[in-house]
Amino acid sequence: MKPIVYVDAAATTPLSEFAFNRALPFLREDFGNASSRHSHGVTARQTLEESRRTIGETLGARSEEIVFTSGASEANAWILNAIAAPIVAAPAINVKDVNVVSTAFEHSSIWETLRSLERRGVAVTYLRPNRDGVISTADVAAALRPNTRLVSIMTANNELGTLQPIAEIGRLLRERGVVFHTDATQAVGHIPLNVNELNIDFLTASAHKFNGPKGFGFLYRRHDVDLPAFILGGSQERGLRSGTENIFGAVATAAALTENVAALPETTARLCNLENALLRRLREVLSSSDFSVVGESAARLPGFLNLVFNGADGDTMTRLLDLRGVCASTGSACSSGDVKPSRTLLATGRSELEARSSVRVSFGRSAVPDDAVAVADARK
Ligand SMILES: *Cc1c(COP(=O)(O)O)cnc(C)c1O
């Protein structure tokens, strides 16, 4: 059988061998509950807090600013709901008088939560990216209102890989005193990030996007910003999110993240080469009018390409690629056989037809030069 070429790292990545080996004992011999007072519990507690500190350090955050969650979807929903429409509203807050500024191409976990907030009366402003898939800081400034309680703009788009000007946006929002959340799920472990330099108040991330385990993630909350509790009960996570802690998840996540961050310069250079090799090869086999790269001139995540093929159907193409041993994906959401055009591509001003014609190629850190050739040739 032909080896499978996996170029869908933006969807998920395999658990790092190093992280697995580090964390495995915490599923078995070191199985303690971090809330127990005996030695097993103490080991679990210390390990958990060490992981928290390690994860914080990679982002320039203090240990107590990191809160563990089941992933980015949970963390996104928590922050949006808690800040925009707290269940136990402060006396001064009327949900009907709250504005949230976000974008038209956020991940569905943000998008659907914003839609539900709208149904509860919150006014949401959706900024549109330019054709290159980038949000303008001037648009953010122009959208701010006296009742804007939160701005939520992703660090890197999950369909396009385009990087948003979050340093500029962070500076603006700090000046204006508006709370800034960024869904950095595609960026953490893939580009250098420092929450203080970027003036971020809330950041969300998911371990399985950087070779950590699935079902584990975290949020960063700036120490002087309030966050209402999400799950009450055992007072874990400083009373914010109760439930027995996932020590395996925390250890594996800390190990995977430090491993990725240490290798960043090397990985970045290698993935950029693969991306260029794929484009070169495609240009050899296709004419330049046959396809385009969305956000070609924008800053993007390394090894990340969204390709629009003229007159082709993205869903059919990814199925064909799969038959030829290449795992890529399309931005289009498929629900019960009905393929919708990508909301993200539509937001960049592309037509419905174009928004159905894209294939996302995202190289993972273990990709090799042959993978780039295999992807281009499978398209033939
Ligand atoms: C994958 C992803 C999520 C969801 O993360 P889960 O941990 O799988 O819930 C959220 N936002 C972005 C940008 C993502 O890429």
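Residues numbered from 1 in each chain as written. Predicted model: local features only at pLDDT ≥ 70, side-chain atom pairs only at ≥ 80, totals over all residues. Heavy atoms only, no water.

A. Region of the structure containing the overall build of the protein. Of the regular secondary structure elements, the protein holds twelve helices and 14 strands. In terms of its C-alpha atoms, the protein occupies a principal-axis envelope of roughly 65 × 55 × 40 Å. Burial status across the protein gives 55% buried among its 380 residues. If you take every contact in the protein between residues at least 6 apart in sequence, the share linking residues at least 24 apart comes to 71%. If you sum the accessible surface of the protein, you get close to 16,500 Å²; carbon and sulfur atoms cover 52% of it. The average position of the 40 basic charges and that of the 41 acidic charges among the side chains of the protein differ by 2 Å. (Helix = DSSP H or I, 4+ residues; strand = E, 2+ residues; numbered from the N terminus. Buried < 20%, exposed > 50% of the residue type's maximum accessible area, 1.4 Å probe, protein only. Contact = heavy atoms within 4.5 Å. Areas by Shrake-Rupley, 256 points an atom, 1.4 Å probe, with all protein chains shown as cover. Lys, Arg positive; Asp, Glu negative; His and termini not counted. Charge placed at Lys NZ, Arg CZ, Asp CG, Glu CD.)

B. Representation of the nonpolar core. If you look at the biggest cluster of nonpolar residues, it comprises 62 residues, and the most contacted ones within it are V140, V151, L173, V188, L193, L203 and F218. A total of nine residues in this core trace back to one element, the largest contributor, which is helix 7 (residues 247–262). Each of two domains, domain 1 (5–14 + 264–378) and domain 2 (17–261), supplies a minimum of three residues to this core. Dropping the residues within four chain positions of it, L203 is found in contact with L59, H181, T182, A184, V188, L193, V195, F218, L219 and Y220. (Core = buried A, V, L, I, M, F, W, Y, C linked by side-chain atoms within 4.5 Å. Domains from an automatic or database assignment.)

C. Up close: the site of the ligand. S73, D183, Q186, S206 and K209 are the nearest of the 14 residues found near the ligand. Backbone polar atom of A72 to an oxygen atom of the ligand: 2.9 Å apart, as the coordinates give it. Here Q186 contributes a side-chain N or O atom positioned 2.7 Å from an oxygen atom of the ligand. Alone, the ligand offers 380 Å² of accessible surface; in the complex the protein occludes 86% of this. Counting residues per element, the shell around the ligand draws most heavily on helix 3 (residues 72–84), which supplies three residues. For the shell around the ligand, the per-class residue count stands at two nonpolar, ten polar and two charged. (Near = heavy atom within 4 Å. Polar contact = N/O pair within 3.5 Å; in protein donor to acceptor, adjacent residues only side chain to side chain. Nonpolar A, V, L, I, M, F, W, Y, C, P; charged D, E, K, R; others polar.)

D. Summary view of the pairing of strand 5 (residues 148–152). The buried fraction of strand 5 is high, at four of five residues. In this structure, strand 5 lies alongside strand 6 (residues 179–183), joined through three bridges in parallel fashion. The partner of S152 across the bridge, within strand 6, is H181. In this region the chain leaves strand 5, passes through helix 6 (residues 166–176) and returns to the parallel neighbour strand 6; the handedness of that crossover is right-handed. (Pairing = 2+ DSSP bridges. Right-handed = clockwise from strand over helix to strand, strands pointing away.)

E. Summary view of the pairing of strand 10 (residues 304–309). Counting buried residues along strand 10, six of its six residues qualify, which places the element largely inside the surrounding structure. The alternating pattern of strand 10 places F304, N306 and V308 and L305, L307 and F309 on opposite faces, both of which are buried. Across three bridges, strand 9 (residues 291–293) lies against strand 10 in antiparallel orientation. Across the sheet, V293 pairs through a bridge with L307, a residue of strand 10.

F. Highlighting the pattern of salt bridges. Within the structure shown, the criterion is met by 18 salt bridges. Note that R62 and E64 form a salt bridge whose closest N and O atoms lie 3.8 Å from each other. Given a relative accessible area of 32%, E64 falls into the partly exposed group. Among the ionic pairs, D377 bridges to R281, the shortest N-O distance being 2.7 Å. On the criterion of sequence distance, the pair formed by D377 in helix 12 (residues 369–378) and R281 in helix 8 (residues 264–285) is long-range, its members being 96 residues apart. Via salt bridges that share partners, R45, E49, R52, E237 and E245 belong to a single interconnected network. (Salt bridge = Lys/Arg side-chain N within 4 Å of Asp/Glu carboxyl O.)

G. Unusual backbone geometry, seen in detail. One non-glycine residue, E237, lies in the positive phi region at around 50°. Mapped onto the elements, E237 comes out in the loop between strand 8 (217–221) and helix 7. Looking at E237, the relative accessible area reads 7%, which means it is buried. With a phi angle near 55°, R238 is a residue other than glycine that sits in the positive phi range. By relative accessible area, R238 is classed as exposed at 64%.

H. How the structure looks around the packing of aromatic side chains. Under the definition given, this model contains four aromatic pairs. Here the aromatic rings of F68 and F216 are separated by 5.1 Å at their centres, their planes lie at 45°, and the arrangement is tilted. Of the two residues, F68 sits in strand 2 (residues 66–69) while F216 sits in the loop between strand 7 (202–206) and strand 8, which places them 148 residues apart along the sequence. We note that F68, like F216, is buried. The interplanar angle of 50° and the centroid separation of 5.0 Å between the aromatic rings of W111 and Y126 together place this pair among those described as tilted. (Phe/Tyr/Trp six-rings, centres within 6.5 Å; stacked < 30°, edge-to-face > 60°.)

I. Summary view of the environment of P165. Examined against the element boundaries, P165 turns out to sit in the loop between strand 5 and helix 6. The spatial distance from the C-alpha of P165 to the C-alpha of R45 is 38 Å, given a sequence separation of 120 residues. Setting aside anything within four residues of it in sequence, one finds P165 in contact with V134, I135 and T137.

J. Structural context of the sheet that holds strand 14 (residues 358–362). Taken together, three strands build an open sheet; the order of strands is 9-10-14 and the sheet is antiparallel. Edge positions in the sheet fall to strand 9 and strand 14, since each has one partner strand and no second. Pairs of neighbouring strands in the sheet enclose a mean axial angle of 25°, with direction left out of account. Across the face of the sheet, helix 8 comes into contact with strand 9, strand 10 and strand 14 while running at roughly 20° to strand 10. Sheet strands touched by helix 9 (residues 314–323): strand 10 and strand 14. Its angle to strand 14, the strand with the most contacts, is close to 45°. (Axes fitted to C-alpha atoms, helices over the stretch in contact; angles between N-to-C directions.)

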